[in-house]
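Fold and geometry: a report
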Amino acid sequence: MVFKRLSRRLFAPVTAMLSIFFSSFAHAEYVLNMTKGVSTISNDIYDLHMLVMWICFVVGIIVFSVMAYSIMTHRKSKGAVASNFHESTTVEIIWTLVPLAILIAIAVPATATLLDLEDSSKSDVSIQVTGIQWKWRYKYLGEDVEFISSLSEENRDAVSASSPNSVEHYLRDVDKRIVVPVNKKIEFLFTSDDVIHAWWVPELAVKQDTVPGFINTSWAYIEKPGIYRGQCAELCGKDHGFMPIVVEAVTMPEYQKWLVAMRGEQAALAASSDKEWTQAELMAKGESVYKATCAACHGATGAGIPPVFPALAKSPVATGDVKGHINIVMNGKTGTAMQAFKTQLSDVDLAAVITFERNSFGNTVGDLVQPSTIKSLR
Amino acid sequence: MSEQKTEQSADKKSITSKKLFKLVMIPVFMFGFGFALVPLYDVFCNVTGLNGKTGRVEAAMVDQREVDVSRTIKVKFLANTGTGLPWQFKPVVTEMEVHPGQIYEAMYQVSSSADKVTVGQAVPSVSPTEASLHFNKTECFCFSQQELAANETRDMPLRFVINHKIPKEIAEVTLSYTFFNIEKSM
Amino acid sequence: MTTATTHEGDHHDHGPATGLMRWVTTTNHKDIGTLYLWLSFIMLLTGGAMAMVIRAELFQPGLQLVEPQFFNSMTTMHGLIMVFGAIMPAFVGLANWLIPMMIGAPDMALPRMNNWSFWILPFAFTMLASTLFMEGGGPAFGWTFYAPLSTTFAPDSTDFFIFAVHMMGISSVMGAINVIATILNMRAPGMTLMKMPLFVWTWLITAYLLIAVMPVLAGAVTMMLTDRHFGTSFFDAAGGGDPVMFQHVFWFFGHPEVYIMILPAFGIISAIIPTFARKPLFGYSSMVYASASIAILSFMVWAHHMFTVGMPVAGELYFMYATVMISVPTGVKIFNWVTTMWRGSMTFETPMLFAIGFVVMFTIGGFSGLMLGVAPVDTQYHDTYFVVAHFHYVLVTGALYSIIAAFYYWVPKWTGHMYDETLGKIHFWWSTIAVNVLFFPQHFLGLAGMPRRIPDYSVQFSEFNMISSLGGFAFGLAQVFFLYIVIKTIKGGEKATDIVWEGATGLEFEQLASPAPYHSFNTAPEIK
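None of the values given here were measured: they were computed from a predicted structure.

**Notes on a negative patch on the surface**
A surface patch of negative charge is lined by D44(A), D47(A), D116(A), D119(A) and E169(B). Considering the arrangement of structural elements, one finds E169(B) in the loop between β9 (153-162) and β10 (172-181). Owing to a relative accessible area of 61%, E169(B) belongs among the exposed residues under this scheme.

So this is what it looks like as structure tokens:
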């Protein structure tokens, strides 16, 4: 009786675990297992994961059953008398060799998958991915398409309002998606402008660190069109949790169309910098650019978080010589989180945000920066 | 405490202090080893190509007879600029097909939009890392610091050779340069 | 002998001095062991409070309680305090209390250094904790402090963090030297190496690991310091350095470090299970060899923490093979414990419950460790909650459980009082249920794609995070309950017999009274 009660108590956590485990299958929202993904390699990885997991399950069940049986029968309260054996070379050799054999069985498929995973040559599309605190820059090599992708504006609002359910893909949506063709080998070349980030999209089974000054490669061959979401996987500072990735896989013709559209957009942007802008236009534009790009560090009110992120209100840079201000915004400041925004923002955005910073938060310099000035400094 | 025991402990203590010295030397040695890991790591990387840094060879050392025309390797060129450097940096040619063993010249272009002299240092990186062992440069702007006058534009040549011993599986090599501002903070 | 090495002719045998100065100036291994154990308990509750902040913020999606930067310093400090403040000092405390008693020595070999190595720690942790109140906030780059986030991009308080790590390192190295000197020189006549209890063996191996790798950590933080202030560029790509090299140096320390935190636990479990199975440990010598081979392997697998950093294939293959190899000696240990229980005559007092809990849940942690070691699959696991679940199974239900088990097992010998068995059992079941509710769902979160070290998450992770947080609060509360049990046991309780447990073996039980006298074994005991 005592034994029964005890065994029930002993297994209570296990039963609790299992009931949670199985009841969860009823809900579609939560995921219990690794995604199979949509790329060739993600399927291999999933199979390998399942193999190792089942081996662990089986070994675990054997070991725990032996242990449970022993706990139930070999107890003093049941009158068990302790035997005195404490050595057996044969047994020890067996349980060294059996696990070794299992490990070799795992190592064979693992080696094959790893060799495949590391071979990113003969690709059809090459995309350079640069991690920047806290956004991604994508550059389609040989296609003249380059853009920055960061947390979408609705998401940003949802974060500051602390209302995760107000948007559809909380923390998993960006302003500009990266579009790739299906059934093509896509090579990703990773690097970083500041700290180490990691680009991770589970469905593609691509997770690779971006290291400043170094280049890393990975690849994906996506078999199914769709939208795949991921995020940064290496702690990269304050907004590490707010740096999503959205990959849209489309057919080749759609991909070509998208490239043309992107090029057109970039050309239009370049053309807009030749126009004269009014102060009001620049201030309005500047405010939205500031909110999306600068507020994360310098604060919505320009107060910053000194001493790491300096205030802009009454700052010597934002109220001093305009050349110095343009220089620091365009080229960044070495050894700080202040990035080179010339690679992230258009001429108009840069001109607008600099104008905005010089005439907000109590700063009243009064001058305005034209996009053409920025263009000439590129 | 009996007399005898005190003696015994003194005896043990003297053994201990000899051993103690040896024991203290282990952490001292390991502290040094921590620093030694830096050059060791570099040596290790040069031998294995672990970190993707490239090698340097003298042009005279390259044996042109070892050109393997039967193989073609695609080389891609990338360029990045670190923060705080008002430079535009790009490869003039973005891709090249090369034969192992032959010396090629590639060109990068850099231009400054600063109104004063600026100094940068380029750091190379090769992917896949296995290829970096076999990717050698006979001439490179990355060997020394580069000083650019105000608004200067300059072509920067690079002469390289891929060793014919490069593993057969490697069909593509990416060479990336990042120009860093070397004045630590302005 | 203690008296001989401290105050010639001063008779301490009557017992300790009184008042605060007793604790400040003590060179007695039992006093210092007590100090270490209390420090680690305070640190456990401090680090635990930080974990509560983390779990409270993650209770539901959206930022509710703390700013992301503060959240990052919480995860950083939680990790540092638990590793360097809770687990390691607790093991050193147990070593201080137990090793002299187990090998028949009157005290540690270097009692004054012993005092030093303890008293450095409170200052180190005060300094570390003070960074939280500094301008720019505390260290917020994770307990692994990867460069360049911890160098170029770190807050000013990082210098204090570096100095605190130096102090902890010095303390650990001194403690380790003391343990080695004690074990090698102070064993009673007849106590040969292969007669030593496994706890002594595993601590000897641990101590060698400590003096080998703590200085490497000191080297790493020193390089950080010179990178930050003296113009070197060890880890700065701009100056020709390599940020990835930081990770190599760090994990060269870091991987042996995880065995530093688990080997003494193996020793504790190997003492408890035979006692309550009333049967000698199965395969004593293979346990010794397994511990030694785990220690040696631990130096050769560090880069398995870096599979996604961009290594050559050959490197990844080597580190994968070497890593999965570790499961062989670890498996041997598990099998030996199970076989020790087999055909024993078991009873299930609290120490035994925690020991069995250790074996089961450490094995679960071992399985996820094996999965993580398979390099291509690690692409999906790396830096997710799967990893968080893995190392908490190994460190909480592994290392911490062994420490709690050790407390219940030896506390009657230390205080002369039995703990309250009912409360002990409640503590076990409460903790075990809570800890599984806390960490098991984190496996699912990781597999579903939730990265670690994020203050806010996408809504599909809500359910398991909420379950996990509830488990977290319950587990935290259980340890406050443990504090009550500890105080209650010290204050009083049923008088313990000298042998304490029916099946207990070892000098500390067989030849010393309960509570153990202030100076044990002034005359060397006889070893059978």
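**Focus on the domain arrangement of chain A**
All names here are of chain A. In terms of domains, chain A is made up of domain 1 (33-117), domain 2 (125-270) and domain 3 (275-377). With centres defined by C-alpha atoms, the gap from domain 2 to domain 3 works out at 25 Å. Across the boundary between the two partners, domain 2 contributes 14 residues, which contact 14 residues of domain 3. Counting the contacts that link domain 2 with domain 3 gives 0 salt bridges. On inspection of domain 2 and its partner domain 3, the count reaches 3 residue pairs in polar contact (both at pLDDT 80 or more). When residues of the side of domain 2 that touches domain 3 are traced back to their parent elements, those giving at least two are β2 (135-140), α4 (153-160) and α5 (252-272). With 3 residues, α4 is the single largest residue contributor to the side of domain 2 that touches domain 3.

**So, the packing of aromatic side chains**
The geometry of an aromatic ring pair is captured by two quantities: the separation of the ring centres and the angle between the planes. Summed over all chains, the structure comprises 84 aromatic pairs over all chains. Their ring planes at 40° and their centres at 4.8 Å tell us that F188(A) and W199(A) sit as a pair that is tilted. Note that F188(A) is positioned in strand β5 (residues 185-192) and W199(A) in strand β6 (residues 197-201), a separation of 11 residues in sequence. Owing to a relative accessible area of 0%, W199(A) belongs among the buried residues under this scheme. Ring centres 5.0 Å apart and planes at 75° place the aromatic pair F145(C) and F161(C) in the edge-to-face group. Of the two residues, F145(C) is situated in the loop between α5 (111-130) and α6 (158-185) and F161(C) in helix α6; the sequence distance between them amounts to 16 residues. Accessibility classification places F145(C) together with F161(C) in one group, the buried group.

**Remarks on the nonpolar core**
Of all hydrophobic cores here, the largest spans 285 residues; its most connected members are Y140(A), W199(A) and F84(C). Considering each element in turn, this core owes the most residues, 22 residues, to helix α4 (residues 68-103) of chain C. Apart from residues lying up to four places away in sequence, F84(C) is in contact with P89(C), F125(C), W143(C), M168(C), M214(C), L217(C), F253(C) and E257(C). Of all hydrophobic cores here, the second largest spans 31 residues; its members include W87(B), Y104(B), I162(B) and I170(B).

**A short note on the packing of helix α13 (residues 350-373) of chain C against helix α16 (residues 421-448) of chain C**
All names here are of chain C. The contact between α13 and α16 brings their axes to 10 Å, and the two run at 10°. Comparing the axis directions of α13 and α16 gives the class roughly parallel. Seen from α13, the contacting residues are T350, L353, F354, G357, M361, I364 and S368; seen from α16, they are E421, G424, K425, H427, F428, W429, T432, V435, N436, F440 and H443. Partitioned by chemical class, the residues of the contact of α13 with α16 number 8 nonpolar, 8 polar and 2 charged.

**Things to note about the side chain of N178(C)**
All names here are of chain C. Mapped onto the secondary structure, N178 falls in helix α6. With a relative accessible area of 1%, N178 lands in the buried category. A polar contact is formed between the side chain of N178 and the backbone nitrogen of L110, at a distance of 3.0 Å. With sequence-adjacent residues up to four places away left out, N178 is seen in contact with M108, A109, L110, M113 and N114.

The rules behind each value
- Residues numbered from 1 in each chain as written.
- Chains lettered and ligands numbered in written order.
- Predicted model: local features only at pLDDT ≥ 70, side-chain atom pairs only at ≥ 80, totals over all residues.
- Heavy atoms only, no water.
- Patch = residues over 30% accessible without salt bridge, like charges linked within 9 Å, V, L, I, M, F, W, Y side chains within 5 Å.
- Areas by Shrake-Rupley, 256 points an atom, 1.4 Å probe, with all protein chains shown as cover.
- Salt bridge = Lys/Arg side-chain N within 4 Å of Asp/Glu carboxyl O.
- Lys, Arg positive; Asp, Glu negative; His and termini not counted.
- Charge placed at Lys NZ, Arg CZ, Asp CG, Glu CD.
- Helix = DSSP H or I, 4+ residues; strand = E, 2+ residues; numbered from the N terminus.
- Buried < 20%, exposed > 50% of the residue type's maximum accessible area, 1.4 Å probe, protein only.
- Domains from an automatic or database assignment.
- Contact = heavy atoms within 4.5 Å.
- Polar contact = N/O pair within 3.5 Å; in protein donor to acceptor, adjacent residues only side chain to side chain.
- Phe/Tyr/Trp six-rings, centres within 6.5 Å; stacked < 30°, edge-to-face > 60°.
- Core = buried A, V, L, I, M, F, W, Y, C linked by side-chain atoms within 4.5 Å.
- Axes fitted to C-alpha atoms, helices over the stretch in contact; angles between N-to-C directions.
- Parallel < 35°, antiparallel > 145°, perpendicular 65-115°, else oblique.
- Nonpolar A, V, L, I, M, F, W, Y, C, P; charged D, E, K, R; others polar.

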